[in-house]
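# Secondary and tertiary structure notes
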Amino acid sequence: LTYKMFNKWIKNYDLNQDILLVSVVRNADQIPMLDNLLAGMGRKLDGFIHLTLSQAAAIERLSLRSYCPNCGATYHGKYKPEKVKGICDVCGYKLEKREDDKPDLIVERLKEYNRTIEPILAEYAKRGILTEVDASPSIEVIHEQLLKLLKFSSER
């Protein structure tokens, strides 16, 4: 169903331009669906970028997140802390944490992620289109790396 909808949605764009897709392949069974969709447009997948992060870093990043259930603002204990602990800077509402952002549940989520991503990475590595990017630096550093990799300028 998603790929049927995606096939209609993507036709809203100039298909002669470069296309950047994010997370359209979530399990290996979807690879042929994406290949067929692109082939129907006379295109093929040119590259697949995978952001890598150690389990320890993923646990730190996820377990320190919080959000405002009222306005949707997001925070991080290390990278983007709120001004008053536990209170939203935007609307003053009490911040919450996702139930699954507890370290033991994060480990389980990572196991499932690794189970599904490994065959995808293997396929795209076999095709010679896999590029892995270390996601442990700051968002700004990763952003610049991706811009260079995609041959975009940061002034765009």
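Keep in mind the model is a prediction, meaning the values are calculated, not measured.

Thresholds, definitions, all that
- Residues numbered from 1 in each chain as written.
- Predicted model: local features only at pLDDT ≥ 70, side-chain atom pairs only at ≥ 80, totals over all residues.
- Heavy atoms only, no water.
- Helix = DSSP H or I, 4+ residues; strand = E, 2+ residues; numbered from the N terminus.
- Buried < 20%, exposed > 50% of the residue type's maximum accessible area, 1.4 Å probe, protein only.
- Contact = heavy atoms within 4.5 Å.
- Lys, Arg positive; Asp, Glu negative; His and termini not counted.
- Charge placed at Lys NZ, Arg CZ, Asp CG, Glu CD.
- Salt bridge = Lys/Arg side-chain N within 4 Å of Asp/Glu carboxyl O.
- Disulfide = S-S within 2.5 Å.
- Axes fitted to C-alpha atoms, helices over the stretch in contact; angles between N-to-C directions.
- Parallel < 35°, antiparallel > 145°, perpendicular 65-115°, else oblique.
- Left-handed = near helix turned anticlockwise from the far one by under 90°.
- Nonpolar A, V, L, I, M, F, W, Y, C, P; charged D, E, K, R; others polar.

Looking only at helices and strands, the chain features 5 helices and 4 strands. In terms of overall dimensions, the chain has a C-alpha envelope of 55 × 35 × 35 Å along the principal axes. Within the chain, the fraction of its 156 residues that count as buried is 26%. A separation threshold of at least 6 residues defines the contact pool for the chain, and within that pool the share at least 24 residues apart is 55%. Here the chain carries 24 positive and 22 negative side-chain charges, and the mean point of each set is 3 Å from the other.

Here we come to the environment of Gly 72. Tracing the chain through its elements places Gly 72 in the loop between strand S2 (65–67) and strand S3 (74–76). Judged by its relative accessible area of 46%, Gly 72 falls in the partly exposed class. For the pair Gly 72 and Cys 88, spaced 16 residues apart in sequence, the C-alpha to C-alpha distance is 9.4 Å.

This part takes up the side chain of Thr 116. Tracing the sequence through the fold places Thr 116 in helix H4 (residues 103–126). For Thr 116, a relative accessible area of 18% gives the class buried. When sequence neighbours within four positions are dropped, the list of residues in contact with Thr 116 reads Arg 26 and Asn 27.

The next subject is the side chain of His 50. Considering the arrangement of structural elements, one finds His 50 in strand S1 (residues 48–52). Given a relative accessible area of 10%, His 50 falls into the buried group.

Attention shifts here to the pattern of salt bridges. The full count for this structure, using the stated rule, is 12 salt bridges. Residues Glu 108 and Lys 111 are paired through a salt bridge, measuring 3.4 Å at the closest nitrogen-oxygen approach. Residue Glu 108 and its partner Lys 111 are located together in helix H4, separated by 3 residues, close to a single helical turn. By relative accessible area, which is 51% here, Lys 111 ends up exposed.

We now examine the state of the cysteines. Counted according to the given criterion, the structure contains 0 disulfides. Free cysteine: Cys 71, not disulfide-bonded; nearest cysteine sulfur from Cys 88 at 3.6 Å. Owing to a relative accessible area of 4%, Cys 88 belongs among the buried residues under this scheme.

Once that is clear, we can look at the packing of helix H1 (residues 2–10) against helix H2 (residues 31–40). Any two packed helices are characterised by the angle at which their axes cross and by the distance between the axes. Put simply, H1 and H2 touch, their axes get as near as 11 Å, and they point 25° apart. One finds that H1 runs roughly parallel with respect to H2. Seen along the crossing, H1 lies across H2 with a hand that is right-handed. Across from Tyr 3, Phe 6 and Asn 7 in H1, the residues of H2 making contact are Met 33, Leu 34 and Leu 37. Across the contact of H1 with H2, the residue classes tally to 5 nonpolar, 1 polar and no charged.

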